[in-house]
Structure formats: C-alpha cells, structure tokens
Amino acid sequence: LEAATLEKANVQLGRYFSPNLVPRLLDSPELFAVGGRRLDVSFVFTDLQGFTTLVETLEPNVAVPLINRYLNELVEVAFRHEGTVDKIVGDAVHVIFGAPTDQPDHAARAVRCALEMDEVAERLRVLVAPEIQLGVTRIGVNSGLAVVGNFGGDALFDYTAHGDAINTAARLEGANKVFGTRICVSVNTVERIDQFVGRPLGSLQLRGRAHPLEAFEALPVDEGVSERVALYLRAYSSLAEGAMATAAEQFTKLSARYPDDQVVAFYNTRIGAGERGTVIEVGG
C-alpha cells in the first residue's frame, strides 16, 4: 500500500514539477501546507499569437491535438530546466524557477528555458505551416520577490505565486508586440546572470509603474556575438546618449542591411517620426 501511494504521489507531482524534483518534494511535505513564503524567484510567461482565432477556425479534431502537442512540448522544456509549472491558461504556460526548492541560478534557468521554448515553438510553427498558420510564441521573463505557496483551503488549493514580479513577467510578454520580438527579459533577471547574451530593447514605461524598466531581448550565443548585434549596440548607444543625427544614420543603414530585423525597424521608424531616447511607453 505504501509503495502504491508513493507511486501515485510521484505521478501527480510529476504533472506540476520536474520529475527530478519529485523525490525532494516527497521528503519535504511541509512545502505543501497551506500558506506561503516570500522568495526571490524568476517567472517565464508564454503566449501564442492568434490562439483564439486558431481555435475558432479549426475543427476540434485538428485544433485540440495541435494545442495539446504545443503545450506538451513547452511543459517538457520547463521540466528539463527543473521549473515548476504554475498554471496553463488556454495556450499560455506560466513557469516558476526558484520554488518550491531553492535554485540559486533561477534567473539563468529561466532565460535558458525561454530560449529553448522559443526554439521548439518555432520548429513546430514551421512544421505545420503548410497546413496551419500557427502564430509566434511570445515570452516574458522577470525575477524578483514574490509570495509563493499554496493558496486555498484543505479541500482545494493552488500552488502559485503573487506579487508585482509575476505581473511584470506577463507585461513583458506583451511588450514583444511593440518590438516584434519573441523573448523579452527584464533587467531584474539580467542582473542576476553572470553572462547574459542579448541586446537592450529600451526602458519600458509599463502601466502602473512609477519608473521605466529596462528590458532586453535574449538571444542564442551565436546571434549575440554576430555583426548585426554589434552594429545594433552601437546605434542603440548613440540613441541612448542623445546623439540623434548619428543614431538616425546608423539605424537607417542597419534597416537597409537587415530589413528583417524588427527591432531595428521599430527604432528606425521611431526616429523618423521625431521620437528621441530609449524610454518606450508600453500599454497593457
């Protein structure tokens, strides 16, 4: 009976936490008491572009297996990086790093997870493209203090997190729409990582925040050291320093050289409209 109960617990916990974490969680039942702890953690939020339209236009026998496959692949990525799946809402996956067990490198894990999620989502999008127009997956990553634990009662509870850090992750996911990017990472996460690979997007003035939040696009290592990114960093630096004539010239050349770079296109258009600096208003 004890072995059967243990096996059942393994199966149930394995639906929420990385299988690698399950033995540790079973040894620490206090983690599942109703209540919470204030922890420094990282969050990964995903969103699939055009999900509602996809569900409404495809037959259920096509849409359901596709969405389930998509979600399953993202969850598998989260588990490979030992993340905790907070919840799945429609097409969105919310992942916590740094809880319920301590992960000193939770910020780095979150970014690595986001990069791999982007890779598998893009692979699936290309694979089904001949028959189904699957939208891009947008990902937001943020780190900070949050109250994490079980909220509810004895009969029903939800292991989740509450606080500004988790709300910011959701807003960063949405900020990708502004820049045409797929992964948007806050400075809160970047400053917790020894060697972050990416480029600055701007200081985002998010609704409800008193001060702008610096954001970055996470990139694979080969892209992070590319000539395109090096030239972008020079142009962005000119813009941030207020050298508008130099920035305008640099972004114009970049736009002609890399017409598919949507961040370059964003700033080239913005400068052309007479906007200055790198503080960007982001709604939502």
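Refer to the structure printed above.
Residues numbered from 1 in each chain as written. Predicted model: local features only at pLDDT ≥ 70, side-chain atom pairs only at ≥ 80, totals over all residues. Heavy atoms only, no water.

Considerations on the overall build of the chain
The helix and strand inventory of the chain stands at 11 helices and 9 strands. Here the chain holds 284 residues, and 48% of them are scored as buried. Restricting to contacts in the chain with at least 6 residues of sequence separation, those with at least 24 account for 66%. Per element, the accessible surface of the chain, about 14,200 Å² overall, is 52% carbon and sulfur. (Helix = DSSP H or I, 4+ residues; strand = E, 2+ residues; numbered from the N terminus. Buried < 20%, exposed > 50% of the residue type's maximum accessible area, 1.4 Å probe, protein only. Contact = heavy atoms within 4.5 Å. Areas by Shrake-Rupley, 256 points an atom, 1.4 Å probe, with all protein chains shown as cover.)

Some points on helix α9 (residues 227-240)
Relative to the 20 Å expected for 14 residues at 1.5 Å per residue, α9 spans 20 Å between its end C-alpha atoms, a close match to the ideal helical length. Along α9, the positions that sit buried rather than exposed are R228, V229, Y232, A235, Y236, S238 and L239. Buried residues belonging to α9 abut β7 (198-206), α8 (221-224), α10 (244-257) and α11 (262-272). In the segment just after α9, G242 is the residue with positive phi, at about 85°. (Expected span 1.5 Å × (residues − 1).)

A look at the packing of aromatic side chains
Taken as a whole and assessed by the stated rule, the structure comprises 7 aromatic pairs. Three or more aromatic residues joined by ring pairs make a cluster, and in this case those are F179, Y232, Y236, F251, F266 and Y267. Positioned over the ring face of Y232 is R199, at 4.6 Å from the centre of the ring. (Phe/Tyr/Trp six-rings, centres within 6.5 Å; stacked < 30°, edge-to-face > 60°. Lys NZ or Arg CZ within 6 Å of the ring centre and 35° of its normal.)

Comments concerning the environment of F151
Structurally, F151 can be placed in strand β4 (residues 137-152). Under the relative-accessibility criterion, F151 is labelled partly exposed at 31%.

With respect to the side chain of T160
If you trace the backbone, T160 turns up in strand β5 (residues 157-162). Note on T160: relative accessible area 3%, which makes it buried. At 2.9 Å, the side chain of T160 and the side chain of D86 are in polar contact. Look past the residues within four positions of T160 in its chain and what remains in contact with it is D86, K87, I96, V147, V148, G149 and F151. (Polar contact = N/O pair within 3.5 Å; in protein donor to acceptor, adjacent residues only side chain to side chain.)

Some thoughts on the pairing of strand β3 (residues 92-97)
The buried count for β3 comes to 6 of 6 residues, which makes it a mostly enclosed element. Burial along β3 is two-sided: the face carrying A92, H94 and I96 and the face carrying V93, V95 and F97 are both buried. Where strand β2 (residues 84-89) lies against β3, 5 bridges are found, and the strand directions are antiparallel. Within the sheet, the bridge partner assigned to K87 lies in β3 and is H94. The hairpin turn running from β2 into β3, its antiparallel successor, is 2 residues long, and G90 in that turn takes a positive phi close to 65°. (Pairing = 2+ DSSP bridges.)

Comments concerning unusual backbone geometry
Following A99, the chain continues into P100 via a peptide bond in cis, with omega recorded as 5°. Structurally, P100 can be placed in the loop between β3 and α5 (106-128). The residue E82 is not glycine, and still its phi comes out positive at about 60°. Looking at the element boundaries, E82 is found in the loop between α4 (60-80) and β2.

Details of the pattern of salt bridges
With the rule as written, the count across this model stands at 19 salt bridges. The salt bridge partner of D105 is R109, with a shortest N-O separation of 2.9 Å. Residue E217 is joined to R199 by a salt bridge in which the shortest nitrogen-to-oxygen separation is 2.7 Å. In this pair, E217 sits in strand β8 (residues 213-218) while R199 sits in strand β7, placing the two residues 18 residues apart along the sequence. For R199, a relative accessible area of 3% puts it in the buried group. (Salt bridge = Lys/Arg side-chain N within 4 Å of Asp/Glu carboxyl O.)

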